[in-house]
Amino acid sequence: MKNKIAPTNHERVLKAGDFIVSKTDASGRITYCNEIFIELSGYSEEELLGAQHNIVRHPDMPRGVFHFLWTTIKEGRECFAYVKNMAKDGSFYWVFANVTPDPGPDGHPVGYFSVRRKPRPEAIAVMSGIYAEMLAEEQRVGPREAIDASLTLLTSKLEQLNLSYEEFILSI
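The rules behind the values
- Numbering of residues starts from 1 in every chain and runs along the sequence as written.
- Local features in this predicted model are restricted to residues of pLDDT 70 or higher, and side-chain atom pairs are both shown and tallied only at a pLDDT of 80 or more, whereas totals for entire chains, interfaces and linings draw on every residue.
- Hydrogens and waters are ignored; side-chain quantities use all the structure's heavy atoms.
- The helix and strand labels rest on DSSP assignments: H or I over at least four residues marks a helix, E over at least two residues marks a strand, and numbering proceeds from the N terminus.
- Pairs of residues are marked as contacts when any of their non-hydrogen atoms sit within 4.5 Å.
- Computed with the Shrake-Rupley method and a 1.4 Å probe, the accessible areas treat only the protein chains shown as cover for residues.
- The charge count includes Lys and Arg as positive and Asp and Glu as negative, but it does not include His or the ends of the chains.
- In this description, the location of a charge corresponds to atom NZ of lysine, CZ of arginine, CG of aspartate or CD of glutamate.
- Throughout this description, buried means an accessible area under 20% of the type-specific maximum (1.4 Å probe, protein chains only), exposed means over 50%, and partly exposed covers the range between.
- As used in this structure description, the phrase polar contact means that two N or O atoms lie within 3.5 Å; if the pair is within protein, one of them must be able to donate a hydrogen and the other to accept it, and residues adjacent in sequence are counted only when both atoms belong to side chains.
- Strand pairing is assigned whenever DSSP identifies at least 2 bridges connecting the two strands.
- To obtain an axis, a line is fitted to C-alpha atoms, over the contacting stretch when the element is a helix, and the angle between two such axes runs from 0 to 180 degrees between their N-to-C directions.
- The term salt bridge refers to a pairing of a side-chain nitrogen on Lys or Arg with a carboxyl oxygen on Asp or Glu at a separation within 4 Å.
- Each Phe, Tyr or Trp ring (for Trp, its six-membered ring) is paired with any other whose centre lies within 6.5 Å, and the angle between the two planes then decides the class: stacked below 30 degrees, edge-to-face above 60, tilted in between.
- In this analysis the charged atom, NZ for Lys or CZ for Arg, is taken to sit over a ring once it is within 6 Å of the ring centre and within 35 degrees of the ring normal.

1. Observations concerning the overall build of the protein chain
- A tally of helices and strands in the protein chain yields six helices and five strands.
- Sequence-ordered secondary structure for the protein chain, helices as α and strands as β, is β-β-α-α-α-β-β-β-α-α-α.
- Taking the principal axes of its C-alpha atoms as reference, the protein chain extends roughly 45 × 45 × 35 Å.
- Once local pairs closer than 6 in sequence are excluded, the contacts in the protein chain between residues at least 24 apart make up 55%.
- For the protein chain, the computed accessible surface area is about 9,500 Å², with 54% contributed by carbon and sulfur atoms.
- One finds the centroid of the 19 positive side-chain charges in the protein chain at a distance of 4 Å from the centroid of its 23 negative side-chain charges.

Here it is, written out as structure tokens:
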């Protein structure tokens, strides 16, 4: 089911001590969500459970970011990312996410565990600019080449800073 919600300019903000917690199966379907996730997203627990985690994806988020995240966690590595999400009413909220694979007996992920907390405003400012550039690049080249183009842009920025992705994300 495609999300037909129109984004608004209304921002919801996590409290400093709040943590959003969710678990998914290997395909990204939500199997657990805590009360803070339910409250902030505006969806009921029934609407969230069994839904793809991208139910809260905001259209301001570049496809390349999620491709990078999924590639990383499918390889069995944790991933940190700043993410702009969209609530059921179209409002948005930023999170600093840590997504960790849940390995099965064979070592391959059988699901994922995500903990999100309130990001620093300075980090949101940095990432908003980078994501806007990545999204513009995705739109410029079209859907077929969008992911590669936005990841190339991100890689170029990291090379200029002489930082790995994780070093950069954890430094801002």
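2. Description of the environment of D25
- Along the chain, D25 turns up in strand β1 (residues 19-25).
- Accessibility expressed as a relative area gives 25% for D25, which makes it partly exposed.
- Sequence spacing of D25 and G142 is 117 residues, and the spatial spacing of their C-alpha atoms is 30 Å.
- When neighbours within four sequence positions are excluded, D25 is seen to be in contact with T31, V110, G111 and Y112.
- A polar atom in the side chain of D25 sits 2.9 Å from the side chain of S27.

3. Focus: the pairing of β1
- Pairing of β1 with strand β5 (residues 109-117), which is carried by seven bridges, proceeds in the antiparallel orientation. Paired with S22 across the strands is S114, a residue of β5.

4. Concerning the environment of Q139
- The residue Q139 is located in helix α4 (residues 121-141) in this model.
- On the basis of relative accessible area, Q139 is assigned to the exposed category, the value being 60%.

5. Quick notes on the sheet that holds strand β2 (residues 30-33)
- With antiparallel pairing, the five strands of this open sheet are ordered in space as β2-β1-β5-β4-β3. Edge strands, defined here as strands with exactly one partner in the open sheet, are β2 and β3 (79-86). Strand after strand, the sheet turns through a mean of 30° between neighbouring axes, direction not considered.
- The strands touched by helix α3 (residues 63-74) are β3, β4 (92-103) and β5; relative to β3, the strand with the most contacts, the crossing angle is about 140°.
- The sheet contacts of α4 involve β3 and β4, and relative to β4 the element is tilted by about 85°.

6. What to know about the pattern of salt bridges
- Taken as a whole and judged by the stated rule, the model has seven salt bridges.
- Of the charged contacts, one joins E47 and K88 as a salt bridge, the two residues approaching to 2.6 Å between their closest N and O atoms. Separated by 41 residues along the polypeptide, E47 in helix α2 (residues 45-48) and K88 in the loop between β3 and β4 bring together distant segments of the chain.
- With relative accessibility at 32%, the residue E47 sits in the partly exposed group.
- Note that E133 and K157 form a salt bridge whose closest N and O atoms lie 3.1 Å from each other. Of this pair, E133 sits in helix α4 while K157 sits in helix α5 (residues 146-161), and the two are 24 residues apart along the sequence.

7. Details of the packing of aromatic side chains
- Applying the stated criterion across every chain yields a total of five aromatic pairs.
- Look at F68 and Y165: their rings are 4.4 Å apart centre to centre, the planes differ by 55°, and that puts the pair in the tilted class. With F68 in helix α3 and Y165 in helix α6 (residues 165-171), the pair connects residues that are 97 residues apart, well separated along the chain.
- Judged by relative accessible area, Y165 falls into the buried class, the value being 14%.
- Judged by centre distance (5.2 Å) and plane angle (85°), the rings of W70 and Y112 are edge-to-face. One end of the pair, W70, is in helix α3; the other, Y112, is in strand β5, and 42 residues separate them in sequence.
- An aromatic cluster is present here, built from F80, Y82 and F96 joined pairwise through their rings.
- Looking at K84, its charged tip hangs above the ring of F92, at a distance of 4.5 Å from the centre.
- Here the guanidinium or amino end of R116 rests over the ring plane of F37, the centre of that ring lying 4.9 Å away.

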